[in-house]
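# Structural overview
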Amino acid sequence: MYVVAGASGNTGKIVAKRLLAAGKKVRAIVRHPDKAKDLAEQGAELVSADLGDRAAFEKALAGATGLYLLSPPDMGAQDFLKERSALLTSVAAAIKSARVPHTVFLSSIGGHQVSGTGIILTTHAGETALHEAGVGFTALRAAYFVENWGSVIPVAKKDGVLPSFLPGNKAFPMVCTADIGNTAADLLLEGSGAPRVVELSGPRDVSPAEVAQTLSKILEKPVSLVEPPLDAVVPTFTGFGISANVAGLFRDMYAGLASGAVAWQGGSAVARRGKTSLEETLRALAR
Ligand SMILES: NC(=O)c1ccc[n+]([C@@H]2O[C@H](COP(=O)([O-])OP(=O)(O)OC[C@H]3O[C@@H](n4cnc5c(N)ncnc54)[C@H](OP(=O)(O)O)[C@@H]3O)[C@@H](O)[C@H]2O)c1
């Protein structure tokens, strides 16, 4: 039986569906069962637990062969790094106590780095907590999500411009959540024989300028890229209700991506590439 945390989210739902399609038993951890009705209909057991509730989480892990875990977002956090570090330390202790043989943890490009990566430090905290607890795990380090562009597609539709805090003409590794979820499920099925670190990007690296060109094709109208300065990140994000602390961490991440400071580890980490094209994901987002 596999336990999937964040099962109502982008990646968790794909993980759960792929495991169910492979004929496996799935226990989906959700805070709001109504968001995972489709999983229940496909045979998943729904368990309500907050990752911050150590006892409830540990109970949800009983009998697990494998676990899919992420560092959940919290856009209102006042000290996000400290809060995530505490939460993931508690989560790692529960995994150890429940003797889960293999966890696939969704980390990020730069998840091995100790500074200069901004919000990615939350995934570094997760890798560190799991490592220090001594549990068996695979760090699935994903590239920048293609789905991040979803929030600015309405602007492209309305005004014909695509705002980007990433430099327009530099190619970045990007990957869609379907490829992440499917890879995570495959790693869970591989079990404790799966590689310790997998670094996952899409079929090829792409520039924000290419994202704009592709959207232009999909929307059948000109879409030009605009590059606001990095100083605009915090006011833009806080304007959407994100806390100043979290917005500052996003700014640091964009600065690190732009400068190239945020990077793959390489070496012993296994590099994998997803199959889904940029256009396919953008088309789905633009619907
Ligand atoms: N965006 C990127 O470019 C990028 C790149 C690399 C890695 N990542 C990692 O990917 C993560 C996001 O993955 P995603 O898109 O699959 O997530 P998502 O769609 O934002 O979903 C988050 C899931 O976590 C659940 N959740 C939130 N807080 C929880 C808590 N305290 N206890 C239990 N469950 C909780 C949510 O449940 P509810 O439905 O109850 O809210 C939801 O199912 C990020 O946090 C980051 O660590 C992101």
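Residues numbered from 1 in each chain as written. Predicted model: local features only at pLDDT ≥ 70, side-chain atom pairs only at ≥ 80, totals over all residues. Heavy atoms only, no water.

### Here's the deal with the sheet that holds strand β2 (residues 26-30)
One open sheet holds the eight strands; their spatial order is β3-β2-β1-β4-β5-β6-β10-β12, and the pairing between them is parallel. Of all the strands in the sheet, just β3 (45-48) and β12 (270-273) have a single pairing partner and so form its edges. Between one strand axis and the next, the sheet turns by 25 degrees as a mean value, whatever way the strands run. In terms of strand pairing, strand β1 (residues 2-4) meets strand β4 (residues 66-70) through three bridges, oriented parallel. Directly across from V4, in β4, lies its bridge partner Y68. Strands β1, β2, β4 and β5 (102-108) of the sheet are contacted by helix α1 (residues 10-21), whose axis makes an angle of about 160 degrees with β1. (Pairing = 2+ DSSP bridges. Helix = DSSP H or I, 4+ residues; strand = E, 2+ residues; numbered from the N terminus. Axes fitted to C-alpha atoms, helices over the stretch in contact; angles between N-to-C directions. Contact = heavy atoms within 4.5 Å.)

### A closer look at the environment of R204
In this fold, R204 is placed in the loop between β10 (197-201) and α8 (208-219). The sequence separation of R204 and L187 amounts to 17 residues, and the corresponding C-alpha distance is 21 Å. Once residues lying within four places of it in the same chain are set aside, the contact partners of R204 are E210 and R273. Among the polar contacts listed, one links the side chain of R204 to the side chain of E210, at a separation of 2.4 Å. (Polar contact = N/O pair within 3.5 Å; in protein donor to acceptor, adjacent residues only side chain to side chain.)

### Digging into the side chain of T177
Considering the arrangement of structural elements, one finds T177 in helix α7 (residues 177-190). At 2.8 Å, the side chain of T177 and the side chain of E147 are in polar contact. In this view, T177 contacts N10, T11, I14, F145 and E147; residues no more than four positions away in its chain are not counted.

### With respect to the site of the ligand
Lining the immediate surroundings of the ligand are 25 residues, of which S8, N10, T11, L51 and S71 lie closest. Taking G9, its main chain carries an N or O atom lying 3.1 Å from an oxygen atom of the ligand. Contact distances for the ligand include 3.0 Å between a nitrogen atom and a side-chain N or O atom of D50. Protein chains bury 83% of the 950 Å² of accessible surface belonging to the ligand in isolation. Where the shell around the ligand is concerned, the elements lending two or more residues are α1, β5 and β7 (144-145). Split into classes, the residues belonging to the shell around the ligand amount to 11 nonpolar, 11 polar and three charged. (Near = heavy atom within 4 Å. Areas by Shrake-Rupley, 256 points an atom, 1.4 Å probe, with all protein chains shown as cover. Nonpolar A, V, L, I, M, F, W, Y, C, P; charged D, E, K, R; others polar.)

### A closer look at the packing of aromatic side chains
Applying the stated rule across the entire model yields six aromatic pairs. Where Y144 meets W149, the ring centres are 6.3 Å apart and the plane angle is 65 degrees; that geometry is what we call edge-to-face. The buried category is assigned to Y144, whose relative accessible area is 11%. The class of W149 is buried, set by a relative accessible area of 2%. Note on F237 and Y254: the rings are 6.4 Å apart at their centroids and 85 degrees apart in plane angle, and the pair reads as edge-to-face. Of this pair, F237 sits in helix α9 (residues 233-239) while Y254 sits in helix α10 (residues 244-259), placing them 17 residues apart in sequence. Of the two residues, F237 and Y254, both sit in the buried class. (Phe/Tyr/Trp six-rings, centres within 6.5 Å; stacked < 30°, edge-to-face > 60°. Buried < 20%, exposed > 50% of the residue type's maximum accessible area, 1.4 Å probe, protein only.)

### Focus: the pairing of β4
Where burial is concerned, most of β4 is hidden: five out of the five residues are buried. Burial along β4 is two-sided: G66, Y68 and L70 and L67 and L69, pointing in opposite directions, are all buried. Two strands pair when backbone bridges link them, and β4 and β5 are joined in this way by five bridges, in the parallel orientation. For L67, the partnering residue across the bridge sits in β5 and is T103. As for the winding sense of the linkage, the β-α-β connection from β4 through helix α4 (residues 80-97) to β5 is right-handed. (Right-handed = clockwise from strand over helix to strand, strands pointing away.)

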